[in-house]
Amino acid sequence: MGGRSSLVLSLLPLLIPFAAVIGGGLVVTVLQSFGLVMYSYTYEDMLFAYRHLFSDTWFLESAAFSLYVALAATLAAITLGTFFSYLIWKLPPRYHRWTVIYKIPLILPHIAVGFIAVILLSKTGMLSSVAYHLGLTDGFEEFPNLLYTRAGIDLIAAYVYKETPFVMVMVYAVLSRFDRRLVDTAEMLGASQLRIFFSLLLPFLMPVINTTFIILFIFAFGGFDLPFVVGSSNPGMISIRIYEYFFQKELALRPVAMAMLTLVFCFSLLFIVFYLRLAQRVEKGVRKL
Amino acid sequence: MIRFGLLFFLLFVIFASPLVVLALYSLSSSWSYPQIIPVQLDWRSFAYLADHFGNIVVSLLSSCAYSLAAVMMTLLMTILPARFFAGGDFAGKTLLEGLLLAPALIPPMAFAMGAHFLFLHLGIADTFAGVVLILSLYSYPYMLRALVAGFLAQGRDYSLCARNMGASSFRILLLIEMPLLLPAIVAGGIIVFLVAFSEYFLVFLIGGGSVPSYAGYIFPLLNSSDKSVASLLTLLFLVPPILFFVLIDRLIYRLYRRRGLL
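Residues numbered from 1 in each chain as written. Chains lettered and ligands numbered in written order. Predicted model: local features only at pLDDT ≥ 70, side-chain atom pairs only at ≥ 80, totals over all residues.

Examining the overall build of chain A
- For chain A, the count of helices and strands is 13 helices and zero strands.
- Put simply, chain A runs from its N terminus to its C terminus through helices and strands in the order α-α-α-α-α-α-α-α-α-α-α-α-α.
- Residues classed as buried in chain A amount to 39% of the 289 residues present.
- Of all intrachain contacts in chain A linking residues separated by at least 6 positions in sequence, the fraction that spans at least 24 positions is 74%. (Helix = DSSP H or I, 4+ residues; strand = E, 2+ residues; numbered from the N terminus. Buried ≥ 20, exposed ≤ 12 C-beta atoms within 10 Å, placed from the backbone. Contact = placed C-beta atoms within 7 Å.)

Okay, structure coming up:
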């Protein structure tokens, strides 16, 4: 059978491209953020890019805006998605296949979802027309500004639309393995529906909710496609700032883009570690069944 | 029944109704505030489609080609490692598996922009191969997860049996494990295809405009004032993935029937 060496050999098809492209790519990103391997440019100050970032407030504002959008969208998507999959789970099985329409946003690309947000939310868009016919507004001037603002409603709504089905798929997969007899027992012992959801089902779902939260939060935090179509340009998501420094400014300023990427990467790693720690601590405090 | 009706209505309004709006927009270029449905229908967006048919088809085919290539590439990259991870415990397994699943967690920009520099030096920036490579490295964790689950589900009895009868490792993989793994390959492949087909930024960055992509083709139109054309082309985004799912579904069904597994 060849033993251990052949087993390690079988990892190579993945390890080689992983090390070369992802490892190599990250190394280049970090090096260039310090002004190294920057084509023919040389920098006297290795921390020039980082000093540039923190010499003004725009970077911190963009970071705060990204954090806010990602947090709001992910929390909303998790809540909505968990709730919907619970409702579907409670339906008699013969109805389940009709609910697949919730998967539509999964096949829509982010840029398509951004476009949908524009035609639905603009001042003369679909929601505004509906509001007019319901008598809520007397004209599009009265409809609130939802696009390209600091409140980030367009981005949050678009991410919630795109991410909720993902939450539903993940949560439903776990929920479908839940033993329904436990619910029956709880009902017989007189537990209310709310109590069953929060004390019985939710602890069971917490691991998958935590995983989903990490995936979606980091995705929304560092995603580029959607903010490129909608969202405010001031402060603007951090990915848009990275794009500007990478493509639109002079090549000599590219280390600034790389410094932002390095910080985003470090933040993502720290976030994963801290979130998992926190989740573990909370789990320990909960009594197991 | 009433509860089902309500839930279905809610799911429809939230998740499906935007597509209805897109369909209506693509049927009318004169739809404006405050009409709830367009008063006048016209075929202008379809005329655009006919006029630019060549470009649209080329970009769609190119997107399908690099997405399918990414599916093949991720399969080749992950099938042996998946068998390895499903095979048993060893020191550092969780750590290694976590590390290899990480590309799905970190923002792809972080490594892609550095990788672009490397690709330039290797001469694969602005090429089809470069696009396939970057998309594969961004999306392989989904394939890896699906295949590990698939290997765990099939157990090791069949392969052990074949090995006892003297089959080589390669034969076991090709004739026993792969056919049994087909559902897992399809599950992972669909996600990889979707991720690659939907991606705008990575193709734009590594392809640099010389690899046509459908996302790149429609992007300027999404920001134009012509909502009608943009709506029709956005709806067109759904066609290749759905065709791909149906085709795969039929293919697997036939294959299983021929092998007497259904």
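Moving on from the model shown.
Some thoughts on the overall build of chain B
- Within chain B, the regular secondary structure consists of 12 helices and zero strands.
- Reading chain B from its N end, one meets helices and strands in the order α-α-α-α-α-α-α-α-α-α-α-α.
- For the C-alpha atoms alone, the extent of chain B along its principal axes is close to 75 × 60 × 35 Å.
- Residue burial in chain B is summarised as follows: out of 262 residues, 40% are buried.
- At a minimum sequence separation of 6, the contacts of chain B that also span at least 24 residues come to 73%.

Quick word on the nonpolar core
- Among the nonpolar cores identified, the biggest contains 137 residues, and A:Leu261, B:Ile134 and B:Leu147 are the most heavily contacted of them.
- Discounting residues that sit within four places of it in the chain, B:Leu147 has contacts with B:Thr78, B:Ile79, B:Ala82, B:Leu181, B:Ala184 and B:Gly188. (Core = buried A, V, L, I, M, F, W, Y, C linked by C-beta atoms within 7 Å.)

A closer look at unusual backbone geometry
- Note that the residue after A:Asn234, namely A:Pro235, is joined by a cis bond; omega there is 10°.
- Looking at where A:Pro235 falls in the secondary structure, it is placed in the loop between helix 11 (225-229) and helix 12 (238-248).
- Going from B:Tyr33 to B:Pro34, the amide bond is cis rather than trans, its omega being -5°.
- Along the chain, B:Pro34 turns up in the loop between helix 1 (2-27) and helix 2 (44-51).
- In this structure, A:Tyr148 is a non-glycine residue whose phi angle is positive, near 55°.
- By the element assignment, A:Tyr148 lies in the loop between helix 7 (126-133) and helix 8 (153-175).

As for the interface of chain A and chain B
- Of the residues lining the interface, 59 residues belong to chain A; the matching set on chain B comes to 55 residues.
- Put simply, the parts of the chain that give the side of chain A that touches chain B at least two residues each are helix 2 (12-33), helix 5 (104-107), helix 6 (110-121), helix 7, helix 10 (193-222), helix 11, helix 12 and helix 13 (254-285) of chain A.
- With 12 residues, helix 2 of chain A is the single largest residue contributor to the side of chain A that touches chain B.
- When the residues that make up the side of chain A that touches chain B are grouped by side-chain class, the tally is 45 nonpolar, 13 polar and one charged. (Nonpolar A, V, L, I, M, F, W, Y, C, P; charged D, E, K, R; others polar.)

Section: the confidence of the model for chain B
- Averaged over all residues, the pLDDT of chain B equals 92, while 99% of them reach at least 70.
- Across the predicted assembly, pTM comes out at 0.93 and ipTM at 0.92. (pLDDT = per-residue confidence, 0-100.)

Overview of the packing of helix 2 of chain B against helix 11 (residues 227-236) of chain B
Residue and element names in this part refer to chain B.
- Across the interface, helix 2 lies against helix 11 with an axial gap of 8 Å and an inter-helix angle of 65°. As helix 2 packs across helix 11, the resulting crossing turns out to be right-handed. Here Arg44, Ser45, Tyr48 and Leu49 of helix 2 come into contact with helix 11, specifically with Ser228, Val229 and Leu232.
- Here the contact of helix 2 with helix 11 is built from residues that sort into four nonpolar, two polar and one charged. (Axes fitted to C-alpha atoms, helices over the stretch in contact; angles between N-to-C directions. Left-handed = near helix turned anticlockwise from the far one by under 90°.)

Focus on the environment of A:Gln32
- Tracing the backbone through its elements, the reader meets A:Gln32 in helix 2.
- Sequence separation between A:Gln32 and A:Val256 is 224 residues, and the spatial gap between their C-alpha atoms is 8.7 Å.

Structural notes on the packing of helix 3 (residues 53-87) of chain B against helix 8 (residues 169-198) of chain B
All names here are of chain B.
- The geometry of helix 3 relative to helix 8 is characterised by a closest axis approach of 9 Å and an angle of 140° between their N-to-C directions. When the interaxial angle is binned, helix 3 and helix 8 end up oblique. Crossing handedness for the pair helix 3 and helix 8: right-handed. Here helix 3 contributes Ser63, Tyr66, Ser67, Leu68, Ala70, Val71, Thr74 and Leu75 to the contact with helix 8, which in turn contributes Ile185, Gly189, Val192, Phe193, Ala196 and Phe197.
- For the contact of helix 3 with helix 8, the per-class residue count stands at 10 nonpolar, four polar and no charged. (Parallel < 35°, antiparallel > 145°, perpendicular 65-115°, else oblique.)

Description of the environment of A:Glu163
All names here are of chain A.
- Mapped onto the elements of the fold, glutamate 163 is located in helix 8.
- You can call glutamate 163 buried: it has 26 C-beta atoms within 10 Å.
- Taking the C-alpha atoms as reference, glutamate 163 lies 7.2 Å from leucine 216; in sequence the two are 53 residues apart.
- Beyond its immediate sequence surroundings of up to four residues, glutamate 163 is in contact with Ala73, Thr74, Ala77 and Leu216.

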